[in-house]
Every structure is written in C-alpha cells, then in structure tokens.
Amino acid sequence: MVETKVLNGDDLEIDHVWAVAVERVSAELSDSARARMRASRQVVETAAASPSRTYGVNTGFGRLVTKTIPPELADELQIRLLRSHACGVGDPYPDEIVRAALLLRANALATGHSGTRVEVAELLLECLARGVLPRVPSRGSVGASGDLAPLAHLALPLIGEGEAWFDGELLPGGEALARAGLEPLRLRAKEGLSLINGTQFMAAFCALGVVRARRLAAAADIACALSLEALEGSRTAFSPAVQALRPLRGQAESAENVLLLLEGSAIMDSHRWCDRVQDAYSLRCAPQVHGASRDLLRYIEETVAVELNAATDNPLVLLEEGEIVSAGNFHGQPVAFALDALAMAVSELASISERRTERLVNPSLSDGLPAFLAADGGLNSGFMIPQYVAAALVSENKALAHPASVDSIPTSAGQEDHVSMGNAAGLKAWQVVGNAERAVAIELLAGSQAVEFLAPLAPGHGSEAARRFVRTLSARVVEDRPLSRDIESVAAAIRDGSLLAAVETEVGVFR
C-alpha cells in the first residue's frame, strides 16, 4: 500500500479506505482534483451572485426551500445549517469510522461536483493527518439527504465549533484545531450544505466492514478445516468435481481453500477407508454456506466501490453544463441494502461455525474427543462455556440481521418522504461483524485444542499453520482459566489479517 493516497475523486478503493482509516496512511488532493474544484467553485459563485434562486445557496433547506435568503446572509446560512443539523445522540462512532468518513467526504468534494473551495477538502485531510478527530454521535441519521446529523458533527470542528479529540483529550472544536496548528474555516455559499449532504458514514461502515468480512470468510474456511480434521470428516464434499456441478464462484473458492489447508494431513489419511458415509451439514455443506456469503460479499464490494467515488451532494454542480441541479444521489438506499446484506453474509458464517464448535465439544457428536475438550473433565469444564458464548453471539446476530433498509419514516414535513435507514443498517452490520469474528475465533480455539488430542497424527500443512498461530495467542487449555482475552485476541487476529497472513505464508494465497 502506498505511503500517501492521492485523491483524484475517481480512483479511491476499499483497501485505500482501510489503509487511511485503520493503518493511518496519509492522504492528499491531486492537482487534477484541485483544478476541478476551482472550476466547480466558480459555478457556485456565479449562482450566488445571480438573482435566480439556487437550492442551498440562497434558499432555505428541506421544506423551507421556498424561503429566499438575501446575499448578505448567504455565508451565515451555511454556519447555521451545520449548527441546526448537529443534533445526533448516543455513543460516538468508532474512531476508524470517523477517520474513514473524513477521507470519504474529502474525496467526494474532490470529484468537483460540490462546488466547495479547495481549502475545505484540505482541512478535512489536515484533520486526518494531525489527529483531530471530531466527536460524532452515532444515532440520528435516517440515510436520505445523506448522513445529515453525523456529517454536521463531523464538519463543526472545521469552523471551530463542536467537539473533537486531540492527543487523547476531548476538546472544543476550535481548541482542538489550535493545538494541531490549524485555523478554522469561514464557510462560503453552499459549503456547509456540501459538507453534510452525502453517504459517507454509511459508506465508511460498508468499506471497512467489507475488509473485515473478507478476512472473516477466509478465517471461516480455516476454522472449518481444523474442525474437519478434529472430527475426522471427509474431504470428498470439497472436491472440484462436486463444485463443478454447481459452479457458483464462492462455493468453488471456499472448497478449494479447505482442500489447500488439508494437504499433507496424516489425520485425514488415517481414516481414508473408514465406513462413515457422510458428515453433518456444518462440515459437508460448508462450501455451499461459506460460498454463498462470499458471493454476497462480492455484490457488497461492487456497490461500495462505486459509492466511494460517487458525487452524493445536493445540489450537484455539472461542470460541462455549467449548471447546478437538485437530484437524489444522496439517498442511501444502495448502501443500506449492501449493509443489510453484509450483516446477513457474516451472520451465516458465524451460525455454521457455532454448529461445528458444538460438534467439537459435544461427546455425542465428536467421534471420541473428550467431552468439552477438557483433559480432566468434571474438575475442568474445558470449552463448555465458550460454545455458550458462540451461541449467544449467533442468536444476537439473528435479531440484528433483520433489515433496516425496508423501513422508512418521512421527514422534513413530507418533503423527504422516503428514507433508507442506512445508518441503522451500518450500526447493526458493524456489531454483527464483531460478533461473527468472535464466534469464528471460538471455533479456531476449539479446533486447535481438538486436533491436539489426535497427536501424534498431524493435521494438514495449512491447518497446522493455523493451530501454531492460535497457540501464539492462546496456550492450550490444560486447567480451566478465563478465556475472554483469548477469544478477543484471536478475533483481533481475524480482523487485522494476521491469522490469514500466517496461514498464507505456509500454503500460498487463498482464493
């Protein structure tokens, strides 16, 4: 990944968002973006000087569009817009979501269709670079006209108001800027509106969620391979010939990954000629379930890849035509659908994972493994309660996976009469992804413990690489101990990609 991402307004990718928001890669505007922004700004200034009415430049907002604002109050209008819309409530968004939103808002302005001055986008990026992080309450967006309330909170520190974190301290926005060596903006015509009309918080959840979900899908394949080894299951259901008869891309990828992980397995070879006819669905149908989630993730990726470089402001500046037009690109429905799909996709990865964990710990289903994988059962409870935890997480996900995007409550006195509820979809999806990472982490812990009972038979090269990596985070459970931190450590390794990297070092790149 590049050390600095240059924003053109048209080539920002999902992995770039992760790099800037999570890994703290810097970002700056390209010369071409600056040129487009200057040309776009000229269109707005021409409109502001005209007696003709232009939405958000010399009119009120929403249902108040019929109110004309005199030229001498055009700048004040933008300031009052931010203040009036900054009424979000609840806990703040996670830091990485706010950082992603800062990046995405700057990239949206860089498209040259919002009409702001270059300085506005530059200050957003300076806040990223210098560690000024606006405090943004996470509840209050209905996802049409974009993420109005969250983006207003994001923007207030730019004018020296609101609140922002700096150097670990929550400060008034103006003080946070000053400590970072930055000066607040004086907004001009349309600039307040251009800062709050957009889908950037929804898109942030989607982009960062997709990266986590990709890694989770790979981790689910790894966990499945460990469980298949421990339960002495069959690799036949994963054969390419089977997948070719139902040629869904995700299914083939998942099956191929599992077979790759099983290569060189003495455990699998030891029961090649056993008389078991077929395995339980959670093993035998893993490619079909994991694969369906993978295919759904592809749709989500395609949607958010477009959204990252979309112009979602209103009104939009059409440069070639020299016009400012009101339209509906701010509506969050495409992203809301994708976020609800993200929750469903990862919910199922967790759901089938928990069923495999149950088979590992249940002596009626585990084909001879010690009850609850405890070396001295009775005195020790082993993995009894981690399976409870996985069950609780999966059950919570079932409720959270109910779509938010099918709901709508009209706002702005009926002017905004259909909304996406995409922010709710994003908040739910983020929680579901976290729950799913922990559920799969529990299977990885249980699977690592289980295959060790089959020694001296060794698992496949990939399965063994996974087991060794898990052991760097969690020692084998000989006597009972609290496993909360172990679960969280393995879940973090799924999230940051270190688990996948350790396995790919051994077996090569996953599909």
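Predicted model only: the values in this text are computed from it and were never measured.

1. So, the overall build of the protein
The number of helices and strands found in the protein is 20 helices and nine strands. Relative to the globule expectation of 24 Å for 511 residues, the C-alpha radius of gyration of the protein, 26 Å, shows essentially globular dimensions. Buried residues in the protein amount to 57% of all 511 residues. Considering only residue pairs separated by 6 or more positions, the protein has 78% of its internal contacts joining residues 24 or more positions apart. Between the mean site of the 46 positive side-chain charges and the mean site of the 64 negative ones, the protein shows a separation of 2 Å.

2. Some remarks on the sheet that holds strand β6 (residues 163-166)
Taken in spatial order, the three strands of this open sheet run β4-β6-β7, and their pairing is antiparallel. The sheet is open, and its two borders are formed by β4 (133-134) and β7 (169-172), each paired with just one other strand. Bridge count for β6 against β7 is four bridges, and the pairing is antiparallel. The partner of F166 across the bridge, within β7, is E169.

3. Some points on helix α2 (residues 31-48)
Between its first and last C-alpha, α2 extends 26 Å over 18 residues, near the 26 Å set by a 1.5 Å rise per residue. Considered for burial, the residues of α2 that qualify are A33, M37, S40, R41, V43, V44 and A47. The buried side chains of α2 occupy one side of the element, clustering within an arc of 155° when seen end-on. Among the exposed residues of α2, those pointing more than 90 degrees away from its buried face are D31 and R38.

4. Things to note about the packing of helix α15 (residues 333-361) against helix α17 (residues 422-452)
Packing of α15 against α17 brings their axes to within 8 Å, and their N-to-C directions diverge by 20°. With respect to α17, the axis of α15 lies roughly parallel. Relative to α17, α15 is oriented so that their crossing is left-handed. Tallied by class, the residues present in the contact of α15 with α17 amount to 18 nonpolar, six polar and four charged.

5. Focus: helix α14 (residues 286-307)
In an α-helix there are 3.6 residues to a turn, and that puts residues three or four apart on one side. With 22 residues, α14 should cover 32 Å at 1.5 Å per step; its first-to-last C-alpha distance of 31 Å lies within 8% of that length. Taken together, the buried positions of α14 are occupied by A286, P287, H290, G291, S293, R294, L297, R298, I300, T303, V304 and E307. Looking at the buried residues of α14, the elements they touch are α1 (14-21), α9 (200-230), α10 (240-244), α11 (249-262), α13 (281-284) and α15.

6. Some details on the side chain of H271
As for its placement among the helices and strands, H271 is situated in the loop between α12 (266-270) and α13. On the basis of relative accessible area, H271 is assigned to the buried category, the value being 12%. Of note is the side chain of H271, whose polar atom sits 3.5 Å from the backbone oxygen of I267.

7. Structural notes on the packing of aromatic side chains
Under the counting rule described, the total for this entry stands at four aromatic pairs. Ring geometry for Y55 against F61: centres 6.2 Å apart, planes inclined by 90°, an arrangement best described as edge-to-face. F61 matches Y55 in its accessibility class, with the two residues each being buried. Note on Y93 and F205: the rings are 5.8 Å apart at their centroids and 55° apart in plane angle, and the pair reads as tilted. Of this pair, Y93 sits in the loop between β3 (89-92) and α4 (95-110) while F205 sits in helix α9, placing them 112 residues apart in sequence. When its relative accessible area of 3% is taken as the criterion, Y93 is described as buried. Cluster of aromatic residues (ring-pair linked, three or more members): Y93, F201, F205 and W430. The residue whose ring lies beneath R215 is W18, and the NZ or CZ to ring-centre distance is 4.9 Å. The ring centre of F453 lies 4.5 Å from the NZ or CZ of R476, which sits over that ring.

8. What about unusual backbone geometry?
Of the consecutive residues N314 and P315, the connecting peptide bond is found in the cis state with omega at -5°. Here A455 and P456 are connected by a cis peptide whose omega angle stands at 15°. Mapped onto the elements of the fold, P456 is located in the loop between α17 and α18 (461-473). Although it is not a glycine, S145 adopts a positive phi angle of roughly 60°. In this structure, S145 sits in the loop between β5 (137-139) and α6 (148-155).

9. Notes on the pairing of strand β1 (residues 4-7)
The alternating pattern of β1 places K5 and L7 on a buried face and T4 and V6 on a face that is not buried. The pairing of β1 with strand β2 (residues 26-29) spans four bridges and is parallel. Residue pairing for β2: K5 is matched across the bridge by A27. Since β1 and β2 lie parallel, the crossover through α1 that links them has a hand, and here it is right-handed.

10. Here's the deal with the pattern of salt bridges
Tallying each qualifying case throughout the model produces 35 salt bridges. For E253, the salt bridge goes to R294, with nearest N and O atoms at 3.5 Å. Of the two residues, E253 sits in helix α11 while R294 sits in helix α14, which places them 41 residues apart along the sequence. For E354, the salt bridge is made with R355, and the minimal N-O distance between the two is 2.8 Å. E354 gets classed as buried once you look at its relative accessible area, which sits at 6%. Taken together, the salt bridges that share partners define one network made up of D221, R249, E253, E256, R294, D295, R298 and R511.

11. Some thoughts on the environment of S141
Structurally, S141 is set in the loop between β5 and α6. Linking S141 and R117, residues 24 residues apart in sequence, is a C-alpha distance of 26 Å. In this view, S141 contacts G146, D147, L148, P150 and N423; residues no more than four positions away in its chain are not counted. Within the structure, the side chain of S141 is placed 3.2 Å from the backbone nitrogen of G143, a separation counted as a polar contact. A polar contact is formed between the side chain of S141 and the side chain of D147, at a distance of 2.8 Å.

Definitions and limits used
Each chain carries its own residue numbering, running from 1 in the written order of its sequence. Totals for whole chains, interfaces and linings use every residue, but because this is a predicted model, local features are given only for residues with pLDDT of at least 70 and side-chain atom pairs only at 80 or more, for both listing and counting. To obtain the side-chain values, all non-hydrogen atoms of the structure were included, while hydrogens and water were left out. Starting at the N terminus, helices and strands are each numbered in turn, a helix being any DSSP run of H or I of at least four residues and a strand any DSSP run of E of at least two. Only C-alpha atoms enter the radius of gyration; for comparison, a globular chain is expected to reach 2.2 Å times N to the power 0.38, where N is the number of residues. The buried label goes to any residue with under 20% of its type's maximum accessible area, the exposed label to any with over 50%, and the partly exposed label to all in between, with areas taken from a 1.4 Å probe on protein chains only. Any two residues having at least one pair of non-hydrogen atoms within 4.5 Å are treated as being in contact. The positive count covers Lys and Arg only, the negative count covers Asp and Glu only, and His and the chain ends enter neither. Working definition for charges: the position is that of NZ of Lys, CZ of Arg, CG of Asp or CD of Glu. For two strands to count as paired, DSSP must find a minimum of two bridges between them. Multiplying 1.5 Å by the helix residue count minus one yields the expected span of that helix. The directions from the helix axis to the C-beta atoms are what the arc is built from. Fitting a line to C-alpha atoms yields each axis, with helices limited to the stretch in contact; the angle taken between N-to-C directions then spans 0 to 180 degrees. By definition in this entry, angles of less than 35 degrees are roughly parallel, angles greater than 145 are roughly antiparallel, angles of 65 to 115 are roughly perpendicular, and the rest are oblique. Helix crossings are classified by the rotation of the near helix relative to the far one: an anticlockwise turn of less than a right angle makes the crossing left-handed, while a clockwise turn makes it right-handed. Basically, the charged four are Asp, Glu, Lys and Arg, the nonpolar ten are Ala, Val, Leu, Ile, Met, Phe, Trp, Tyr, Cys and Pro, and anything else, Gly included, counts as polar. Whenever two N or O atoms come within 3.5 Å, that pair is a polar contact, provided that in protein one can donate a hydrogen and the other can accept it, and provided that, for residues adjacent in sequence, both atoms are side-chain atoms. Stacked, edge-to-face and tilted labels apply to pairs of Phe, Tyr and Trp rings (six-membered ring for Trp) whose centres lie within 6.5 Å, assigned for plane angles under 30 degrees, over 60, and everything in between, in that order. Put simply, a charge is over a ring when the Lys NZ or the Arg CZ is close to the ring centre, within 6 Å, and near the line of the ring normal, within 35 degrees. With strands facing away from the observer, any crossover in which the path from the first strand over the helix to the second runs clockwise is taken as right-handed. Each reported salt bridge corresponds to a side-chain nitrogen of Lys or Arg within 4 Å of a carboxyl oxygen of Asp or Glu.

What is shown is where atoms sit, not what they do.
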